[in-house]
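Tertiary structure, described
This is what each chain is made of:
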Amino acid sequence: MIYELNFLAKQIQSMSKEERKTFQAALELEKSTDVKDFINISCNLNRYQWTGEGPGGSASKPVLKKEKKMMTVYDDSYFPLPGYQVDSAFLIRLFSETYKRGAARDFYLSLPCSDSKIEEVKQCMKVNSLDDCKVISLESNIPYLWDYLPCTLAFRGLNQIAKVLQENDWYIGQQDLLFAALEAELPATLEEAADIIKQLNFYSFVSPSENEVRDYAKNKLQNENGYYADEVTAQFVDYKSLGEEMMKREHTVMTSKGMVKKTGGDLKQLPKESAILKLYTPLHGSLYDGEDEPIGDFQGQGLREYQKEIEAEVKKNLEFCAERGLAEFMSNQLVKRKVACMMPGVEVYEGELWGVVEVKSHGPLSEAERNYVLSEWKGQAADGWGEVIEQCPIKVYDGELYVSFNSRHHDIRVVEVNEGLQEYSPVQML
């Protein structure tokens, strides 16, 4: 019971004054003496509503009523996170250097959040705005929603999205359509994402049989007035290019969830201009000649004589994703759609051999998107693609070379490439 009481204390600490009042009234209403029930009631506060009606409908002091059946959150096994409320869109974890409660510097908060509670949390965390806090984690009752939101996670925008989801009677059957609309529109801010959710009824999926660009064009030629190609002409039609042009005209976009269209408006199109970002990563190599211990360790300059062999190994380890490279494995679907390819390689830079990831995107990436891509590369270099290539012996003239792209303890140089002038402009070192 000590653990249950400890959790309950944390839950009460996360409540506003109004929520504590509701919690106390709910305990009296439920008439339970079981601590497990206390915990479940504390997580179901938004299922209780205050009403001004007394017995027989007469005016009276506010009375608490249960609007929905209570959901069992705690069943003697696992506690939810502090601050959790059922039916909330998000549970976020805020961090601020100015806030400390015991050893903790974070605060859990369910969204949407009332203005009065926002004021109380601001005072508690000693900040002027909750946007001054960093959102270091986000849980949602809509699985994978985080992957379809802009990279910049700020309290105000998340609270706005949570309100919209609650006000528009969100249900799980709309999940794929919501994700497709967000991916198609590529909202730059959370506020833009909230507007898309408000207008979700303007979006719909195209027939499943048309979920390929070529099939879309063929179906239009065969079945719709205004388009026609006879059998001879059809043999020479570039259906992919034709389908892409038709989709632009008819407000249709291909997404990871299927082909989606918008009624009464244009879908956002990817910029025609491309941008290139290069992430230069220090390389480390170890040379073996059949013994357990390396006979040589090399950094950038010492690896230049092995450049061709390293390039061949890198190319071999990208055959499974030759078209888009590591962009295929991005979890954020908005950035994934915007990035055309993310291809690792090696390159001589400032006289040394560096690992390099060339990121080609449809238009320049925002600072948040750039930081996301950098984070993805660090993960791939340490535990993904980089870990695989690190374990592959590269045959060289004087033995076997093992090369590491892992930059965990080294700077990564981020460089923007001006394609027209072939100039390299250093942006930052991270």
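Values in this document were obtained by computation on a predicted structure and should not be read as measured data.

Side note on the sheet that holds strand 5 (residues 134-140)
Within a sheet, neighbouring strands are paired by backbone hydrogen bonds and run either parallel or antiparallel to one another. With antiparallel pairing, 3 strands are arranged side by side in an open sheet as 4-3-5. Every other strand in the sheet has two partners, leaving strand 4 (106-111) and strand 5 as the edge strands with one partner each. Neighbour-to-neighbour, the strand axes of the sheet open up by a mean angle of 20°, direction not taken into account. By the bridge criterion, 6 bridges tie strand 3 (residues 90-95) to strand 5 in an arrangement that is antiparallel. In the strand pairing of strand 5, Phe-95 is matched with Lys-134.

What about empty space enclosed by the protein?
One pass over the full model with this rule turns up 1 cavity of 30 Å³ or more. Taken as a whole, the largest cavity encloses approximately 60 Å³ of empty space. Lining the largest cavity we find Gln-11, Ser-14, Met-15, Glu-19, Ser-42, Leu-45, Gly-83, Gln-85 and Lys-117.

Things to note about the layout of surface pockets
Its boundaries defined by the atoms lining it, the largest pocket holds a volume of some 1,200 Å³. Taken together, 33 residues make up the lining of the largest pocket; nearest its centre are Glu-244, Met-254, Leu-270, Arg-337 and His-362. Its residues placed into classes, the lining of the largest pocket shows 10 nonpolar, 9 polar and 14 charged. Among the secondary structure elements, those contributing two or more residues to the lining of the second largest pocket are helix 2 (17-30), strand 1 (48-53), strand 4, helix 4 (115-125) and helix 5 (155-167). Per-element accounting of the lining of the second largest pocket gives the leading share, 4 residues, to helix 5. Considering only residue class, the lining of the second largest pocket consists of 11 nonpolar, 11 polar and 8 charged.

Focus: the sheet that holds strand 7 (residues 252-255)
On the basis of which strands lie adjacent, the open sheet formed by 3 strands has the order 6-8-7 and antiparallel pairing. In the strand order of this sheet, the two ends are held by strand 6 (203-205) and strand 7, each with one partner. Pairwise comparison of adjacent strand axes, ignoring direction, gives a mean angle of 30° for this sheet. In terms of strand pairing, strand 7 meets strand 8 (residues 258-262) through 4 bridges, oriented antiparallel. Bridged to Met-254 within strand 8 is Met-259. Where helix 6 (residues 175-185) meets the sheet, its contacts fall on strand 6, strand 7 and strand 8, and the angle it forms with strand 6 comes to roughly 110°.

Considering the environment of Phe-90
Structurally, Phe-90 can be placed in strand 3. In this structure Phe-90 comes out as buried when scored by relative accessible area, which is 2%. Sequence spacing of Phe-90 and Glu-400 is 310 residues, and the spatial spacing of their C-alpha atoms is 51 Å. Beyond its immediate stretch of four places on either side in the chain, Phe-90 contacts Leu-109, Ser-110, Leu-111, Leu-138, Glu-139, Ser-140, Leu-145, Leu-158, Ile-161 and Ala-162.

Examining the nonpolar core
If you look at the biggest cluster of nonpolar residues, it comprises 45 residues, and the most contacted ones within it are Phe-90, Ile-92, Leu-109 and Leu-158. When residues of this core are traced back to their parent elements, those giving at least two are strand 3, strand 4, helix 4, strand 5, helix 5, helix 6 and helix 7 (190-198). Counting residues per element, this core draws most heavily on helix 6, at 7 residues. In contact with Ile-92, other than residues within four places in its own chain, are Phe-107, Tyr-108, Leu-109, Leu-111, Val-135, Ser-137, Leu-138, Phe-155 and Leu-158. In this structure, Ala-327, Val-359, Leu-365 and Leu-401 belong to the second largest nonpolar core, which totals 36 residues.

So, the side chain of Glu-4
In this fold, Glu-4 is placed in helix 1 (residues 2-13). One buried charge, Glu-4, has no salt-bridge partner; the nearest side chain with opposite charge is Lys-36, at 7.4 Å. A polar atom in the side chain of Glu-4 sits 2.8 Å from the side chain of Tyr-74.

Focus on the pairing of strand 4
Counting buried positions over the 6 residues of strand 4 gives 6, a clear majority of the element. The side-chain alternation of strand 4 yields two buried faces, one formed by Asp-106, Tyr-108 and Ser-110 and the other by Phe-107, Leu-109 and Leu-111.

With respect to the packing of aromatic side chains
A full pass over the atoms with the stated rule returns 14 aromatic pairs. Arranged with centres 6.1 Å apart and planes meeting at 75°, the rings of Tyr-99 and Phe-107 form a pair that is edge-to-face. As far as burial versus exposure is concerned, Tyr-99 and Phe-107 are alike and both buried. Centroid distance Tyr-148 to Phe-179: 4.2 Å. Interplanar angle 5°. Geometry classified as stacked. Pair noted here: Tyr-148 is in the loop between strand 5 and helix 5 and Phe-179 is in helix 6, with a separation of 31 residues, a long-range link.

Parameters and conventions
- Residues numbered from 1 in each chain as written.
- Predicted model: local features only at pLDDT ≥ 70, side-chain atom pairs only at ≥ 80, totals over all residues.
- Heavy atoms only, no water.
- Pairing = 2+ DSSP bridges.
- Helix = DSSP H or I, 4+ residues; strand = E, 2+ residues; numbered from the N terminus.
- Axes fitted to C-alpha atoms, helices over the stretch in contact; angles between N-to-C directions.
- 1 Å grid on protein atoms, 1.4 Å probe; cavity = no way out; pocket = protein on both sides within 12 Å on 5 of 7 lines; lining within 4 Å.
- Points joined across faces, edges and corners; volume = space filled by probe spheres on them.
- Nonpolar A, V, L, I, M, F, W, Y, C, P; charged D, E, K, R; others polar.
- Contact = heavy atoms within 4.5 Å.
- Buried < 20%, exposed > 50% of the residue type's maximum accessible area, 1.4 Å probe, protein only.
- Core = buried A, V, L, I, M, F, W, Y, C linked by side-chain atoms within 4.5 Å.
- Lys, Arg positive; Asp, Glu negative; His and termini not counted.
- Salt bridge = Lys/Arg side-chain N within 4 Å of Asp/Glu carboxyl O.
- Polar contact = N/O pair within 3.5 Å; in protein donor to acceptor, adjacent residues only side chain to side chain.
- Phe/Tyr/Trp six-rings, centres within 6.5 Å; stacked < 30°, edge-to-face > 60°.

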